[in-house]
Amino acid sequence: MTGANRPAWATIPVDEERYRPLYARLLGLRFVNPGGVLCFLFFEGAIALAVLLALAELVSWWAVLVLPVVVAAMVKLNDMVAAIVVRSAALVPEQERDRFRRQMEPVVGRARVEWVSNSVPGVVITADPVPPPRRANPSD
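Reading guide: rules and limits
Residues numbered from 1 in each chain as written. Predicted model: local features only at pLDDT ≥ 70, side-chain atom pairs only at ≥ 80, totals over all residues. Heavy atoms only, no water. Helix = DSSP H or I, 4+ residues; strand = E, 2+ residues; numbered from the N terminus. Buried < 20%, exposed > 50% of the residue type's maximum accessible area, 1.4 Å probe, protein only. Polar contact = N/O pair within 3.5 Å; in protein donor to acceptor, adjacent residues only side chain to side chain. Patch = residues over 30% accessible without salt bridge, like charges linked within 9 Å, V, L, I, M, F, W, Y side chains within 5 Å. Areas by Shrake-Rupley, 256 points an atom, 1.4 Å probe, with all protein chains shown as cover. Salt bridge = Lys/Arg side-chain N within 4 Å of Asp/Glu carboxyl O.

1. Concerning the overall build of the chain
Consideration 1: Each helix and strand in the chain was counted, giving five helices and zero strands.
Consideration 2: Counting from the amino terminus, the chain carries its helices and strands in the arrangement α-α-α-α-α.
Consideration 3: Of all 140 residues assigned to the chain, the portion counted as buried reaches 16%.

2. Details of the side chain of Arg-20
Consideration 1: Checked against the element boundaries, Arg-20 lands in the segment before helix H1 (22–27).
Consideration 2: Accessibility expressed as a relative area gives 6% for Arg-20, which makes it buried.
Consideration 3: Engagement of the side chain of Arg-20 in a polar contact is seen with the side chain of Asn-33, the distance being 3.5 Å.

3. Some words on a nonpolar patch on the surface
Consideration 1: A grouping of Trp-62, Leu-65, Val-66, Val-70, Met-74, Leu-77, Met-80, Val-81 and Val-85 is seen on the molecular surface, where their side chains present a nonpolar patch of about 890 Å² in accessible area.
Consideration 2: Considering the arrangement of structural elements, one finds Met-80 in helix H3 (residues 63–91).

Shown next, in the form of structure tokens:
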């Protein structure tokens, strides 16, 4: 891919595109950025799994060809979903993002407990035991 065809919101700079694994470049991944080991597992691992399943006679030998293609389709689909999420997040106004962040902040230490505010440090507060609830008469 050339730099002119790439959208401005792509996460991989054009300079680093040539250093990406061949698997990621062939699929044209823009948002998912698997490393070399993960690309190896996606492609060669899928082939090895399909061969093992075929040798165990759990699947036909067509799985050796089909499974890597299915894994590649799922990786590409994941990249497309990530693109949609990034685009929709960019459409949310900054004010809404700030409001959401404020709502999601933890409120540790802000709980108000009235009966403890009058206590003295080091003094154990006790309460009278509450009698157990009365049961209905079993003979009724």
